[in-house]
Amino acid sequence: MSKIDDLVKKFKSKRDEVKSAIQEEYGSAMYNPFGSGSFKKHTAINTKFDLDVVAPFKKDSFGTLEDMFNGLFDFLYKKYGDEGYVRKQKVSIGIEFYEDEDKDVISLDIVPGRELNQDQYLENKNLNLYVYSQYGLFQKSTYIQTNIHSQIEHIKAKENERKIIRLLKIWKNSNGEKYKSFLLELMTIKAFYKEDISGNIWDKLKAVMEYIRDNVEKEDFKLIDPGNSNNNVIDTLEDWERRNLSARMGTILDRVEENAENLKSYFPVNEEFENKELGNSSYGIKGSTVAASIPPTNQRFG
(Lines give C-alpha, C1' and ligand atoms only; values in the text may rest on other atoms or scores of the structure.)
Protein backbone atom coordinates (compact mmCIF):
# COMPACT_ATOMS: atom_id res chain seq x y z
CA MET A 1 0.00 0.00 0.00
CA SER A 2 1.42 3.40 -0.96
CA LYS A 3 1.86 6.29 1.45
CA ILE A 4 -1.09 8.16 -0.03
CA ASP A 5 -3.37 5.08 0.05
CA ASP A 6 -2.54 4.58 3.71
CA LEU A 7 -3.20 8.25 4.49
CA VAL A 8 -6.53 8.26 2.66
CA LYS A 9 -7.55 5.15 4.60
CA LYS A 10 -6.80 6.97 7.86
CA PHE A 11 -8.84 9.99 6.78
CA LYS A 12 -11.83 7.87 5.83
CA SER A 13 -11.67 5.85 9.03
CA LYS A 14 -11.67 8.99 11.19
CA ARG A 15 -14.43 10.55 9.07
CA ASP A 16 -16.63 7.49 9.58
CA GLU A 17 -15.94 7.58 13.32
CA VAL A 18 -17.01 11.23 13.59
CA LYS A 19 -20.11 10.65 11.44
CA SER A 20 -21.19 7.80 13.73
CA ALA A 21 -20.61 9.93 16.84
CA ILE A 22 -22.78 12.75 15.45
CA GLN A 23 -25.55 10.36 14.47
CA GLU A 24 -25.49 8.72 17.89
CA GLU A 25 -25.69 12.12 19.61
CA TYR A 26 -28.52 13.63 17.56
CA GLY A 27 -30.45 10.52 16.45
CA SER A 28 -33.82 11.32 14.86
CA ALA A 29 -33.15 15.08 14.94
CA MET A 30 -31.08 14.74 11.78
CA TYR A 31 -30.78 12.96 8.42
CA ASN A 32 -27.82 10.79 7.45
CA PRO A 33 -24.52 12.72 7.29
CA PHE A 34 -22.72 12.50 3.92
CA GLY A 35 -19.34 13.30 2.40
CA SER A 36 -18.76 16.43 0.31
CA GLY A 37 -15.87 18.67 -0.69
CA SER A 38 -12.91 17.77 -2.89
CA PHE A 39 -12.84 14.06 -2.05
CA LYS A 40 -16.46 13.65 -3.07
CA LYS A 41 -15.91 15.76 -6.19
CA HIS A 42 -12.64 13.94 -7.10
CA THR A 43 -10.73 17.24 -7.10
CA ALA A 44 -8.50 16.61 -4.07
CA ILE A 45 -4.75 17.15 -4.43
CA ASN A 46 -1.92 15.43 -2.62
CA THR A 47 -0.26 18.65 -1.42
CA LYS A 48 -3.14 19.53 0.89
CA PHE A 49 -6.48 17.93 1.56
CA ASP A 50 -9.09 17.29 4.20
CA LEU A 51 -12.45 15.57 4.29
CA ASP A 52 -15.81 17.33 4.52
CA VAL A 53 -18.86 15.88 6.22
CA VAL A 54 -22.29 17.50 5.89
CA ALA A 55 -24.60 17.04 8.89
CA PRO A 56 -28.19 17.77 7.72
CA PHE A 57 -30.54 18.58 10.61
CA LYS A 58 -34.32 18.66 10.65
CA LYS A 59 -36.14 21.99 10.72
CA ASP A 60 -37.34 21.57 14.31
CA SER A 61 -34.02 20.28 15.68
CA PHE A 62 -32.79 23.72 16.82
CA GLY A 63 -34.43 27.08 17.50
CA THR A 64 -32.03 28.96 15.22
CA LEU A 65 -29.21 28.23 12.78
CA GLU A 66 -26.78 29.78 15.24
CA ASP A 67 -28.02 27.37 17.93
CA MET A 68 -27.38 24.49 15.51
CA PHE A 69 -23.84 25.68 14.71
CA ASN A 70 -22.90 26.33 18.34
CA GLY A 71 -24.58 23.15 19.56
CA LEU A 72 -22.62 20.95 17.18
CA PHE A 73 -19.41 22.82 17.98
CA ASP A 74 -19.93 22.23 21.73
CA PHE A 75 -20.52 18.53 21.14
CA LEU A 76 -17.45 18.09 18.91
CA TYR A 77 -15.26 20.11 21.26
CA LYS A 78 -16.34 17.98 24.22
CA LYS A 79 -15.88 14.76 22.22
CA TYR A 80 -12.58 15.53 20.44
CA GLY A 81 -11.09 18.54 22.23
CA ASP A 82 -8.51 16.30 23.92
CA GLU A 83 -7.51 14.68 20.61
CA GLY A 84 -6.97 17.77 18.47
CA TYR A 85 -7.89 21.34 17.64
CA VAL A 86 -11.62 21.98 17.27
CA ARG A 87 -12.47 25.41 15.84
CA LYS A 88 -15.31 27.38 14.32
CA GLN A 89 -14.87 28.25 10.62
CA LYS A 90 -17.01 30.19 8.13
CA VAL A 91 -19.72 27.58 7.62
CA SER A 92 -18.09 24.53 9.18
CA ILE A 93 -16.42 23.23 12.30
CA GLY A 94 -12.84 22.12 11.72
CA ILE A 95 -11.21 19.26 13.58
CA GLU A 96 -7.45 18.87 13.19
CA PHE A 97 -6.33 15.79 15.07
CA TYR A 98 -2.93 15.79 16.69
CA GLU A 99 -0.08 14.14 14.79
CA ASP A 100 -0.16 10.34 15.03
CA GLU A 101 2.73 7.88 15.37
CA ASP A 102 3.43 8.22 11.62
CA LYS A 103 3.41 12.04 11.96
CA ASP A 104 0.22 12.22 9.91
CA VAL A 105 -2.35 14.91 10.71
CA ILE A 106 -6.00 14.13 9.96
CA SER A 107 -8.24 17.13 9.24
CA LEU A 108 -12.02 17.10 8.92
CA ASP A 109 -14.52 19.88 8.21
CA ILE A 110 -18.00 19.26 9.59
CA VAL A 111 -20.70 21.37 7.86
CA PRO A 112 -24.00 21.61 9.79
CA GLY A 113 -27.07 22.47 7.73
CA ARG A 114 -30.79 22.67 8.44
CA GLU A 115 -33.58 21.85 6.04
CA LEU A 116 -35.59 24.86 4.79
CA ASN A 117 -38.99 23.38 5.51
CA GLN A 118 -40.05 20.59 7.83
CA ASP A 119 -39.67 17.10 6.32
CA GLN A 120 -38.75 18.36 2.80
CA TYR A 121 -35.00 17.66 2.83
CA LEU A 122 -35.30 14.16 1.44
CA GLU A 123 -37.19 15.54 -1.57
CA ASN A 124 -35.20 18.67 -2.45
CA LYS A 125 -31.90 18.38 -0.50
CA ASN A 126 -31.96 22.15 0.22
CA LEU A 127 -30.15 23.35 3.35
CA ASN A 128 -29.51 26.58 5.20
CA LEU A 129 -25.96 26.95 6.53
CA TYR A 130 -25.04 29.30 9.37
CA VAL A 131 -22.31 31.83 8.47
CA TYR A 132 -19.92 32.30 11.38
CA SER A 133 -17.27 34.50 9.75
CA GLN A 134 -18.87 37.17 7.64
CA TYR A 135 -17.24 38.72 4.60
CA GLY A 136 -17.61 39.35 0.89
CA LEU A 137 -20.96 38.36 -0.60
CA PHE A 138 -22.32 37.32 2.76
CA GLN A 139 -21.22 40.46 4.60
CA LYS A 140 -24.74 41.26 5.81
CA SER A 141 -26.07 37.75 5.93
CA THR A 142 -25.89 35.16 8.68
CA TYR A 143 -26.89 32.21 6.54
CA ILE A 144 -26.43 30.67 3.10
CA GLN A 145 -29.07 28.66 1.30
CA THR A 146 -27.48 25.91 -0.74
CA ASN A 147 -27.85 22.44 -2.18
CA ILE A 148 -24.62 20.52 -1.76
CA HIS A 149 -25.93 17.51 -3.68
CA SER A 150 -26.49 19.79 -6.71
CA GLN A 151 -22.93 21.14 -6.38
CA ILE A 152 -21.57 17.59 -6.41
CA GLU A 153 -23.72 16.69 -9.43
CA HIS A 154 -22.45 19.80 -11.26
CA ILE A 155 -18.96 18.34 -11.54
CA LYS A 156 -19.93 14.69 -11.87
CA ALA A 157 -18.28 12.86 -14.81
CA LYS A 158 -16.25 15.96 -15.79
CA GLU A 159 -12.84 14.31 -15.69
CA ASN A 160 -11.05 16.87 -17.91
CA GLU A 161 -12.34 19.72 -15.77
CA ARG A 162 -11.27 17.90 -12.59
CA LYS A 163 -7.66 17.60 -13.82
CA ILE A 164 -7.45 21.34 -14.42
CA ILE A 165 -9.18 22.17 -11.12
CA ARG A 166 -6.58 20.06 -9.27
CA LEU A 167 -3.75 21.98 -10.97
CA LEU A 168 -5.28 25.36 -10.14
CA LYS A 169 -5.68 24.23 -6.54
CA ILE A 170 -2.00 23.22 -6.48
CA TRP A 171 -1.17 26.74 -7.71
CA LYS A 172 -3.46 28.28 -5.08
CA ASN A 173 -2.04 26.25 -2.17
CA SER A 174 1.60 26.36 -3.24
CA ASN A 175 1.62 30.10 -3.86
CA GLY A 176 -0.47 31.17 -0.89
CA GLU A 177 -3.36 32.43 -3.01
CA LYS A 178 -6.60 33.25 -1.15
CA TYR A 179 -9.03 32.41 -3.95
CA LYS A 180 -11.64 29.88 -2.90
CA SER A 181 -11.39 26.43 -4.46
CA PHE A 182 -15.11 26.54 -5.29
CA LEU A 183 -14.54 29.73 -7.30
CA LEU A 184 -11.73 28.12 -9.33
CA GLU A 185 -13.91 25.04 -9.81
CA LEU A 186 -16.81 27.04 -11.26
CA MET A 187 -14.48 29.09 -13.48
CA THR A 188 -12.92 25.94 -14.92
CA ILE A 189 -16.28 24.31 -15.64
CA LYS A 190 -17.51 27.50 -17.30
CA ALA A 191 -14.35 27.75 -19.43
CA PHE A 192 -14.88 24.20 -20.73
CA TYR A 193 -18.54 25.05 -21.42
CA LYS A 194 -17.80 28.28 -23.26
CA GLU A 195 -14.64 27.34 -25.15
CA ASP A 196 -13.53 24.43 -27.37
CA ILE A 197 -10.87 22.99 -25.07
CA SER A 198 -8.84 19.93 -26.08
CA GLY A 199 -5.25 18.65 -26.39
CA ASN A 200 -2.81 17.57 -23.71
CA ILE A 201 -3.04 18.67 -20.10
CA TRP A 202 -1.01 21.84 -20.71
CA ASP A 203 -3.20 22.79 -23.68
CA LYS A 204 -6.27 22.49 -21.45
CA LEU A 205 -4.73 24.29 -18.49
CA LYS A 206 -3.52 27.08 -20.78
CA ALA A 207 -6.96 27.49 -22.35
CA VAL A 208 -8.66 27.71 -18.94
CA MET A 209 -6.13 30.27 -17.66
CA GLU A 210 -6.59 32.32 -20.85
CA TYR A 211 -10.36 32.22 -20.33
CA ILE A 212 -10.00 33.43 -16.73
CA ARG A 213 -7.51 36.14 -17.76
CA ASP A 214 -9.79 37.45 -20.50
CA ASN A 215 -13.16 37.26 -18.72
CA VAL A 216 -12.93 37.56 -14.95
CA GLU A 217 -12.89 41.38 -15.03
CA LYS A 218 -15.94 41.75 -17.29
CA GLU A 219 -18.95 43.35 -15.59
CA ASP A 220 -21.36 40.76 -17.00
CA PHE A 221 -19.21 37.77 -16.02
CA LYS A 222 -21.21 35.48 -13.72
CA LEU A 223 -20.54 32.28 -11.80
CA ILE A 224 -23.87 30.90 -10.67
CA ASP A 225 -23.81 28.55 -7.69
CA PRO A 226 -25.40 25.26 -8.86
CA GLY A 227 -26.67 24.87 -5.29
CA ASN A 228 -28.54 28.20 -5.33
CA SER A 229 -29.17 30.18 -8.51
CA ASN A 230 -29.45 33.39 -6.46
CA ASN A 231 -25.76 33.18 -5.54
CA ASN A 232 -23.35 34.71 -8.07
CA VAL A 233 -20.08 33.43 -6.65
CA ILE A 234 -17.94 35.96 -8.57
CA ASP A 235 -19.46 38.62 -6.28
CA THR A 236 -17.34 37.22 -3.45
CA LEU A 237 -14.38 38.97 -5.14
CA GLU A 238 -13.75 42.69 -4.94
CA ASP A 239 -12.89 44.47 -8.20
CA TRP A 240 -9.20 44.61 -7.29
CA GLU A 241 -9.22 40.86 -6.61
CA ARG A 242 -10.66 40.21 -10.07
CA ARG A 243 -7.98 42.42 -11.65
CA ASN A 244 -5.34 40.63 -9.63
CA LEU A 245 -6.55 37.18 -10.69
CA SER A 246 -6.55 38.19 -14.35
CA ALA A 247 -3.04 39.59 -14.01
CA ARG A 248 -1.76 36.47 -12.25
CA MET A 249 -3.10 34.21 -14.99
CA GLY A 250 -1.42 36.44 -17.56
CA THR A 251 1.89 36.37 -15.72
CA ILE A 252 1.91 32.57 -15.47
CA LEU A 253 1.10 32.20 -19.16
CA ASP A 254 3.87 34.63 -20.12
CA ARG A 255 6.49 33.00 -17.91
CA VAL A 256 5.67 29.48 -19.13
CA GLU A 257 5.79 30.75 -22.70
CA GLU A 258 9.31 32.05 -21.97
CA ASN A 259 10.44 28.77 -20.38
CA ALA A 260 8.33 25.65 -19.71
CA GLU A 261 10.45 24.86 -16.66
CA ASN A 262 8.78 27.81 -14.94
CA LEU A 263 5.78 25.54 -14.44
CA LYS A 264 7.68 24.04 -11.51
CA SER A 265 7.36 27.22 -9.49
CA TYR A 266 3.60 27.54 -10.06
CA PHE A 267 2.59 23.86 -9.96
CA PRO A 268 5.24 22.13 -7.82
CA VAL A 269 5.46 18.41 -7.30
CA ASN A 270 4.74 17.08 -3.83
CA GLU A 271 8.10 15.40 -3.22
CA GLU A 272 6.71 13.23 -0.42
CA PHE A 273 4.70 11.29 -2.99
CA GLU A 274 6.76 12.04 -6.08
CA ASN A 275 8.22 8.66 -6.95
CA LYS A 276 5.09 6.57 -6.65
CA GLU A 277 2.44 9.07 -7.55
CA LEU A 278 3.54 10.89 -10.66
CA GLY A 279 3.81 8.10 -13.19
CA ASN A 280 3.67 9.62 -16.67
CA SER A 281 1.44 12.54 -15.74
CA SER A 282 3.60 15.18 -17.44
CA TYR A 283 1.97 18.36 -18.73
CA GLY A 284 2.75 17.43 -22.30
CA ILE A 285 4.98 20.39 -23.15
CA LYS A 286 7.55 19.27 -25.66
CA GLY A 287 11.01 19.14 -24.13
CA SER A 288 9.76 19.87 -20.62
CA THR A 289 10.66 17.71 -17.63
CA VAL A 290 7.83 19.12 -15.56
CA ALA A 291 5.21 16.73 -14.23
CA ALA A 292 1.93 17.27 -12.43
CA SER A 293 1.47 16.80 -8.69
CA ILE A 294 -1.81 14.98 -9.00
CA PRO A 295 -2.73 11.40 -8.12
CA PRO A 296 -2.61 8.89 -10.98
CA THR A 297 -6.22 7.86 -10.35
CA ASN A 298 -8.87 10.13 -8.94
CA GLN A 299 -10.57 7.19 -7.24
CA ARG A 300 -7.94 7.34 -4.53
CA PHE A 301 -9.41 10.63 -3.46
CA GLY A 302 -13.06 9.98 -3.91
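In this report, the structure presented in the accompanying data block is examined. Keep in mind that this is a model prediction, so the values were computed, not measured.

Applying the stated criterion across every chain, the model contains 12 aromatic pairs. Put simply, the rings of Y26, F57, F62 and F75 touch in pairs and so form one group of aromatic residues. Over the ring of F97 we find K14, and its NZ or CZ is 4.6 Å from the ring centre. Over the ring of Y121 we find K125; its NZ or CZ atom is 5.7 Å from the centre of that ring.

Before going further, it helps to spend a moment on the packing of helix α7 (residues 181–194) against helix α8 (residues 201–215). Between α7 and α8, the least distance of the axes is 9 Å, while the angle of their chain directions is 100°. Regarding the angle of α7 to α8, the classification is roughly perpendicular. Facing α7, whose interface residues are M187, T188, K190, A191, F192 and K194, α8 presents K204, V208, Y211 and I212.

With that out of the way, let us pick up the pattern of salt bridges. Counted according to the given criterion, the structure contains 13 salt bridges. R15 is the partner of D16 in a salt bridge, and the nearest nitrogen-oxygen pair spans 3.4 Å. A relative accessible area of 36% places D16 in the partly exposed class. Residue classification places R15 among the buried positions, given a relative accessible area of 17%. K103 is the partner of E99 in a salt bridge, and the nearest nitrogen-oxygen pair spans 3.9 Å. Using a relative accessible area of 60% as the deciding quantity, one classes K103 as exposed. Beyond isolated ion pairs, a larger network of salt bridges with shared partners links K10, D100, D102 and D104.

Quick look at the pairing of strand β9 (residues 228–232) now. Summarising the sheet, strand β8 (residues 224–225) and β9 pair through 2 bridges and their orientation is antiparallel. Within the sheet, the bridge partner assigned to D225 lies in β9 and is N228. With antiparallel pairing between neighbouring strands as the criterion, β8 and β9 make up a hairpin whose turn holds 2 residues.

Looking now at the environment of E99. Inspection of the secondary structure assignment puts E99 in the loop between β4 (93–97) and β5 (107–115). Each C-alpha atom, one on E99 and one on E83, is 9.5 Å from the other, the two residues being 16 residues apart in sequence. With residues near it in sequence (within four places) discarded, E99 still touches D104 and V105.

With that settled, the discussion passes to the packing of helix α1 (residues 3–26) against helix α3 (residues 65–80). Contact geometry for α1 and α3: axes closest at 11 Å, N-to-C directions at 120°. On the basis of their axis angle, the class for α1 and α3 is oblique. α3 is crossed by α1, and the crossing has right-handed handedness. Residue-level inspection shows E17, V18, A21, I22, E25 and Y26 of α1 in contact with α3, the latter providing G71, L72, F75, L76, K79 and Y80. A per-class count over the contact of α1 with α3 returns 8 nonpolar, 1 polar and 3 charged.

What counts and how
- Residues numbered from 1 in each chain as written.
- Predicted model: local features only at pLDDT ≥ 70, side-chain atom pairs only at ≥ 80, totals over all residues.
- Heavy atoms only, no water.
- Phe/Tyr/Trp six-rings, centres within 6.5 Å; stacked < 30°, edge-to-face > 60°.
- Lys NZ or Arg CZ within 6 Å of the ring centre and 35° of its normal.
- Axes fitted to C-alpha atoms, helices over the stretch in contact; angles between N-to-C directions.
- Helix = DSSP H or I, 4+ residues; strand = E, 2+ residues; numbered from the N terminus.
- Parallel < 35°, antiparallel > 145°, perpendicular 65-115°, else oblique.
- Contact = heavy atoms within 4.5 Å.
- Salt bridge = Lys/Arg side-chain N within 4 Å of Asp/Glu carboxyl O.
- Buried < 20%, exposed > 50% of the residue type's maximum accessible area, 1.4 Å probe, protein only.
- Pairing = 2+ DSSP bridges.
- Left-handed = near helix turned anticlockwise from the far one by under 90°.
- Nonpolar A, V, L, I, M, F, W, Y, C, P; charged D, E, K, R; others polar.

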